[in-house]
Every structure is written in structure tokens, then in C-alpha cells.
Amino acid sequence: FPHLLSAAEPQPGDIFCDVGSGCGRLVLAAAFLWPDTLRGARGIEISPDLHAAAQRLCSEQETGDCPIDFMLADVHTQPQLLADVDICFCYSTRMQLSEDGFLSQLADTYAEGLRSGSRMVTIDRHLRPDGPWDLISEIKGPNRENGGVSVGKVWRMR
């Protein structure tokens, strides 16, 4: 995760967001790893149980200068939640692909919600090639969750 976030080139004042943040561990990791760089770290989760777990975890941690926020929401129906996001992470290995083999629903949400210059990170999956973004980096590394190797892809909105 640190290598992927570094490849997204965090800048002072950036806001990090994890779409499908689960229990919030990557949101906390971003806040702990870049406390002097990030202006905030946000998690957006659709599952009420996972959202509650993230809020509990956050309440037990001292995060220093990087404010953390967890939202219970469906980003696909509320893409405006990404309007101020600079780096958007999505552990996309579990997301359903469209018939063309791409993350089309996520791509549509990014295209509508993110602004020019925002960076996105996906894992093992591609955004549509016809979108307003460029692939800027790919990083291979071990994936402890599946016991194999995954490829993180870093994209930048045009």
C-alpha cells in the first residue's frame, strides 16, 4: 500500500479517499503514513456493519494532524462525494467487471465525480481505455489476501 500511494504522488493538502473502505484500515494507514502531507483521509463504505467497524477503529486511534472521516454511502449514486478528492483508492479485485472486462461502473463514477489532476489506484483491474484518464504507473507486489501477486495501477484524470 505505501508504494502504491507513493506512486500516486501525494501533494501537500491532498485528500485521500478509499472507495469501499471496509473497516477503515487503509484510511488509517494513509493518515499515519502521510500526516504532514494529507489534508484528510476518508473512507466511503456501503455496508452499515463495516462502516460501524471503521468508526469504532477510528475512535480508538490517535491520528495526529490528518483528520479522518468515514461515510456510509454508495459512491456510485453520489459521485459528488469525490469532488474534493485528490487520491482515490479502490481495492478493485472484488468489484464486478462489465461485459467488456473493465471496471465500467467505477470508471463512470470517477469520470463524473473526480476533477482533473486527481489520481486513482485500482488493484488488478483496468478502467475503460476511453475514459478521461491516463495510466501512469503499474506496481507488482505480493497480495497477502489472495496469496499471490497483484498489480496496482495508478491513473491520473486529464
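To keep things clear, this report deals only with the structure shown in the data block.

Analysis parameters
- Per chain, residues are indexed from 1 in the order of the written sequence.
- For a predicted model such as this one, the threshold for reporting local features is a pLDDT of at least 70, and the threshold for listing and counting side-chain atom pairs is 80 or more; totals across whole chains, interfaces and linings nevertheless cover every residue.
- Side-chain calculation: all heavy atoms of the structure are included, whereas hydrogens and water are not.
- Each helix corresponds to a stretch of at least 4 residues labelled H or I by DSSP, and each strand to a stretch of at least 2 residues labelled E; elements are numbered beginning at the N terminus.
- Radius of gyration: over C-alpha atoms. The globule rule applied is 2.2 Å multiplied by the number of residues raised to the 0.38 power.
- Between buried and exposed lies partly exposed: a residue is buried under 20% and exposed over 50% of the maximum accessible area for its type, with that area taken using a 1.4 Å probe on protein chains only.
- Reported accessibility uses the Shrake-Rupley method at a 1.4 Å probe radius. Residues are deemed covered only where the shown protein chains occlude them.
- When charges are counted, neither His nor the chain ends are considered; positive counts come from Lys and Arg and negative counts from Asp and Glu.
- A single reference atom marks each charge: NZ on Lys, CZ on Arg, CG on Asp, CD on Glu.
- Think of a salt bridge as a Lys or Arg side-chain nitrogen and an Asp or Glu carboxyl oxygen that are within 4 Å of each other.
- A pocket, in this scheme, is an open set of points on a 1 Å grid over the protein atoms alone with protein on both sides within 12 Å along at least 5 of 7 lines, while a cavity is a set where a 1.4 Å probe fits but cannot get out; residues line either one if an atom lies within 4 Å of a point.
- Grid points are joined across faces, edges and corners, and a volume is the space filled by probe spheres set on the points.
- Three classes are used: nonpolar for Ala, Val, Leu, Ile, Met, Phe, Trp, Tyr, Cys and Pro, charged for Asp, Glu, Lys and Arg, and polar for all others, with Gly counted as polar.
- One requirement defines pairing of two strands: DSSP has to find at least two bridges between them.
- Between the N-to-C directions of two axes lies an angle of 0 to 180 degrees, each axis being a line fitted to C-alpha atoms and, for a helix, fitted only over the stretch in contact.
- Any two residues whose heavy atoms approach within 4.5 Å at even a single point are treated as in contact.

**Quick notes on the overall build of the protein chain**
Looking only at helices and strands, the protein chain has four helices and seven strands in total. Computed over its C-alpha atoms, the radius of gyration of the protein chain comes to 15 Å, within 12% of the 15 Å expected for a compact globule of 158 residues. Taking all 158 residues of the protein chain together, the buried fraction comes to 47%. Summing over all exposed atoms, the protein chain offers an accessible surface of approximately 7,900 Å²; the carbon and sulfur share of this is 50%. The distance from the centre of the 14 positive side-chain charges to the centre of the 22 negative ones in the protein chain is 4 Å.

**A closer look at the pattern of salt bridges**
A side chain of one charge can pair with a side chain of the opposite charge when the charged atoms of the two come close. Going through the model one piece at a time under the given rule, you end up with nine salt bridges. One salt bridge connects Asp-108 with Arg-128, and the closest N-O pair in it is separated by 2.6 Å. Note that Asp-108 is positioned in helix H4 (residues 104–113) and Arg-128 in the loop between strand S5 (119–123) and strand S6 (133–143), a separation of 20 residues in sequence. Residue classification places Asp-108 among the partly exposed residues on the basis of a relative accessible area of 41%. A salt bridge links Glu-138 to Lys-153; the shortest N-O distance between them is 2.9 Å. You can see Glu-138 sitting in strand S6 and its partner Lys-153 sitting in strand S7 (residues 148–157), a full 15 residues away along the chain. Via salt bridges that share partners, Asp-108, Arg-128 and Asp-130 belong to a single interconnected network.

**Notes on the layout of surface pockets**
When its volume is computed, the largest pocket comes out at roughly 1,000 Å³. Around the largest pocket, the lining comprises 36 residues; the ones closest to its centre are Arg-25, Leu-26, Phe-89, Tyr-91 and Glu-145. Mapped onto the lining of the largest pocket, the elements with two or more residues apiece are helix H1 (2–7), strand S1 (14–19), helix H2 (25–33), strand S2 (38–45), strand S4 (87–90), S6 and S7. Per-element accounting of the lining of the largest pocket gives the leading share, five residues, to S6. Of the residues belonging to the lining of the largest pocket, the class tally is 17 nonpolar, eleven polar and eight charged.

**Quick look at the sheet that holds S4**
Here seven strands make up an open sheet; going across it, the order is S3-S2-S1-S4-S5-S7-S6 and the pairing mixed. Looking along the sheet, the strands with just one partner apiece sit at the ends: strand S3 (68–72) and S6. Each adjacent strand pair in this sheet contributes to an overall mean axis angle of 20°, direction not counted. Bridge analysis of S1 against S2 gives six bridges, and the strand direction is parallel. Note that in S2 the partner of Asp-18 across the bridge is Gly-43. In the packing of H2 onto the sheet, contacts are made with S1, S2, S3 and S4, and the angle to S2 comes to roughly 175°. Across the sheet, H4 touches S4, S5, S6 and S7, and the angle it forms with S4 is around 165°.

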